[in-house]
Amino acid sequence: MTYSLSRRLTAEFLGTAFLVAAVVGSGIMGERLAAGNVAITLLANTLATGAALVALILAFGPTSGAHFNPAVSLGEALDRRIAWNYAVAYMLVQIAGGICGAIAAHLMFGLRYISLSQHVRSGPAIVFSEFVATFGLLAVIRGSSALGLKVVALAVAAWITAAYWFTASTSFANPAVAIARSLSDTFSGIRPVDVPFFILAQFAGALCATFLFRWLSASQPRNPS
């Protein structure tokens, strides 16, 4: 079934909003319950994010493709899987949805609706981590897409769950999420001044993964021998 652009955008908005609400909200809950144990807080944050990704991709994937991420939409547009005007619209509603998700998480926990983050996430190692996280995410999506939506949902959740722990940045891998998290001075936040470097690394990772898989999947002439 082909869905109208308005339905697709609604799915992208809601999916991104719920994703950010899960990221920010679980960070707040984890921090409140972990009594200062950062490892436990991160574990709670990780599990909630991974579980939310599976559910949201399965719920909204049939309607919009469940991008929830401007870097993913960019890759899909470059591969001509989605029209450029659709991709730009996706990106805009993803950013809006992410911001609304952060606000919703704050309201659920009785916090001010927006609070600019003071959480420092800067330096070459952390920025490179975002490149790696996003490159891996796009590679996982592209590599598993032929196996169906259920496999993609599990693969994406597995990648993000793992990357929370093996990347120094805790794997944002999503420009819309990075922007939204800059508006939350909580465990999952990021200083607004650090966001542009994250976004550049994320788009660079997406571009490299897209071009790599374009080359990997390109047909080659048979060897006459």
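Cut-offs and rules
Residues numbered from 1 in each chain as written. Predicted model: local features only at pLDDT ≥ 70, side-chain atom pairs only at ≥ 80, totals over all residues. Heavy atoms only, no water. Phe/Tyr/Trp six-rings, centres within 6.5 Å; stacked < 30°, edge-to-face > 60°. Buried < 20%, exposed > 50% of the residue type's maximum accessible area, 1.4 Å probe, protein only. Axes fitted to C-alpha atoms, helices over the stretch in contact; angles between N-to-C directions. Helix = DSSP H or I, 4+ residues; strand = E, 2+ residues; numbered from the N terminus. Parallel < 35°, antiparallel > 145°, perpendicular 65-115°, else oblique. Nonpolar A, V, L, I, M, F, W, Y, C, P; charged D, E, K, R; others polar. Salt bridge = Lys/Arg side-chain N within 4 Å of Asp/Glu carboxyl O. Left-handed = near helix turned anticlockwise from the far one by under 90°. Contact = heavy atoms within 4.5 Å. Core = buried A, V, L, I, M, F, W, Y, C linked by side-chain atoms within 4.5 Å.

K.L.:
For the packing of aromatic side chains, give the residues involved together with the corresponding values.
P.N.:
According to the stated counting rule, one finds five aromatic pairs in the structure shown. On the basis of an interplanar angle of 75° and a centroid distance of 5.4 Å, the ring pair of Trp-159 and Phe-166 is categorised as edge-to-face. Classification of Phe-166 as partly exposed rests on a relative accessible area of 46%.

K.L.:
Outline the packing of helix H1 (residues 5–33) against helix H2 (residues 38–64), listing residues and values.
P.N.:
It is at 8 Å that the axes of H1 and H2 come closest, and there the two elements cross at 170°. In terms of axis orientation, H1 runs roughly antiparallel to H2. Of the residues belonging to the contact of H1 with H2, the class tally is twelve nonpolar, nine polar and four charged.

K.L.:
Pulling in residues and values, what's your account of the pattern of salt bridges?
P.N.:
Taken as a whole and judged by the stated rule, the model has three salt bridges. In this structure, Asp-79 and Arg-214 form a salt bridge, with 3.5 Å as the shortest nitrogen-oxygen distance. Residue Asp-79 is found in the loop between helix H3 (70–78) and helix H4 (84–108), and its partner Arg-214 is found in helix H8 (residues 195–216); the two are separated by 135 residues along the sequence. Take Arg-214: its relative accessible area is 36%, and that puts it in the partly exposed class. A salt bridge links Arg-191 to Asp-194, with the shortest nitrogen-to-oxygen separation between them at 2.9 Å. Exposure remark for Arg-191: the relative accessible area of 24% places this residue in the partly exposed category. Salt bridges linked by common partners bring Asp-79, Arg-142 and Arg-214 together as one network.

K.L.:
How would you explain the environment of Asn-85 if you had to name every residue and give the values?
P.N.:
Inspection of the secondary structure puts Asn-85 in helix H4. Sequence separation between Asn-85 and Gly-36 is 49 residues; the distance between their C-alpha atoms is 46 Å.

K.L.:
Can you break down the packing of H3 against H8 residue by residue, with the values?
P.N.:
A packed helix pair is summarised by two numbers, namely the angle formed by the two axes and the spacing between the axes. H8 packs onto H3 with a crossing angle of 30° between their chain directions and a minimal axis gap of 9 Å. H8 is crossed by H3, and the crossing has right-handed handedness. In this structure, H3 uses Pro-70, Ala-71, Leu-74, Gly-75 and Leu-78 to contact H8, whose residues at the interface are Gln-202, Phe-203, Ala-206, Leu-207, Thr-210 and Arg-214. Here the contact of H3 with H8 is composed, by residue class, of seven nonpolar, three polar and one charged.

K.L.:
Explain the nonpolar core residue by residue, including any values.
P.N.:
Residues Leu-19, Phe-68, Leu-137, Val-156 and Ile-160 are the most contacted members of the largest nonpolar core, which totals 38 residues. Counting only elements with at least two residues in this core, the list comes to H1, H2, H3, H4, helix H5 (124–144), helix H6 (149–166), helix H7 (175–181) and H8. Per element, the largest residue contribution to this core is eight residues, and it comes from H6. Discounting chain neighbours no more than four positions away, the residues touching Leu-19 are Thr-49, Leu-53, Leu-56, Phe-68, Asn-174 and Val-177.

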